[in-house]
Amino acid sequence: MRILIAEDDDIIGDRLRRSLIKEGYVVDWVVNGQMALDYIRSHEYSLVILDVMMPLRDGWSVCQSIRDSKNPVPILMLTAKDAIEDRVKGLDLGADDYLVKPFSIKELLARVRALTRRGKLEKSSIIYLADLEIETRSKIVKRQGEILHLTPREYSLLESLARNRGRTLSREYIIEQVWNDDQSLSNTVNFHVTALRKKIDVGRERSLIETIHGFGYRIQEGAE
């Protein structure tokens, strides 16, 4: 499970990063709002932790941009301000929770657990891509009503591409974040993508998986 921290205070940011890693999360840490948006555009996160007061773009602006892009990722906002108006502003912009500094790490971790659980439950159990259906609970994949028999790696690759429609997933991302396997080589990804294409794309009028040469693979945003 991957979490993004956007916090410009080195002490707080490092403390959060180490605490979350200790709990088993994969953590990215950035120090300004523009970096946060860049990371969110190129990665899939289970939670974003946003400090309100940051350089380049503040947390409110980042939160609004995330929601304007229709990204449903849970957002936890951090701020030294405790005025009711500030809390209301963050929630109105689409934040899911609010924590005022200074805060207890135990409380933060409890809120992280609650928000990531909620995010899992809110994910749709069926993903539609053109004439392809992915039933995420039963792991059944159909195209034009025909059940396709995928290996576990092929299935996890397809679901990740589908949930990240419009984003290019690098081979490194697929190995580390989709398969949780840092021992595989990039040509292993190529092998599984080729096998997956044979099952879902070969002989069809429309191909869903696109190769972005030098970068990775994606399913186009309009594949609906």
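These notes cover the structure that comes with them. (Residues numbered from 1 in each chain as written. Predicted model: local features only at pLDDT ≥ 70, side-chain atom pairs only at ≥ 80, totals over all residues. Heavy atoms only, no water.)

Within the chain one finds eight helices and 11 strands. Its C-alpha atoms give the chain a radius of gyration of 19 Å, within 12% of the compact-globule value 17 Å for 224 residues. Taking the principal axes of its C-alpha atoms as reference, the chain extends roughly 60 × 35 × 30 Å. In the chain, buried positions account for 45% of the 224 residues. Considering only contacts in the chain between residues 6 or more positions apart, those separated by 24 or more positions represent 56%. (Helix = DSSP H or I, 4+ residues; strand = E, 2+ residues; numbered from the N terminus. Rg over C-alpha atoms; globule rule 2.2 N^0.38 Å. Buried < 20%, exposed > 50% of the residue type's maximum accessible area, 1.4 Å probe, protein only. Contact = heavy atoms within 4.5 Å.)

Time to look at the packing of helix H2 (residues 33-42) against helix H3 (residues 59-68). Where H2 meets H3, the axes come as close as 9 Å, and the angle between the chain directions of the two elements is 20°. One finds that H2 runs roughly parallel with respect to H3. As H2 packs across H3, the resulting crossing turns out to be right-handed. Two secondary-structure elements touch here, H2 through Gly-33, Ala-36, Leu-37 and Ile-40 and H3 through Val-62, Ser-65 and Ile-66. (Axes fitted to C-alpha atoms, helices over the stretch in contact; angles between N-to-C directions. Parallel < 35°, antiparallel > 145°, perpendicular 65-115°, else oblique. Left-handed = near helix turned anticlockwise from the far one by under 90°.)

We now examine the packing of aromatic side chains. Tallied over the entire structure, the rule returns zero aromatic pairs. Lying over the aromatic face of Trp-179, Arg-153 brings its terminal NZ or CZ to 4.4 Å of the ring centre. (Phe/Tyr/Trp six-rings, centres within 6.5 Å; stacked < 30°, edge-to-face > 60°. Lys NZ or Arg CZ within 6 Å of the ring centre and 35° of its normal.)

Within the span of H2, buried status applies to Gly-33, Ala-36, Leu-37 and Ile-40. Down the axis of H2, the buried side of the element spans an arc of 95°, and every buried residue falls inside it. Of the surrounding secondary structure, the elements contacted by the buried residues of H2 are strand E1 (2-6), strand E2 (26-30), strand E3 (47-51) and H3. (Arc of directions from axis to C-beta.)

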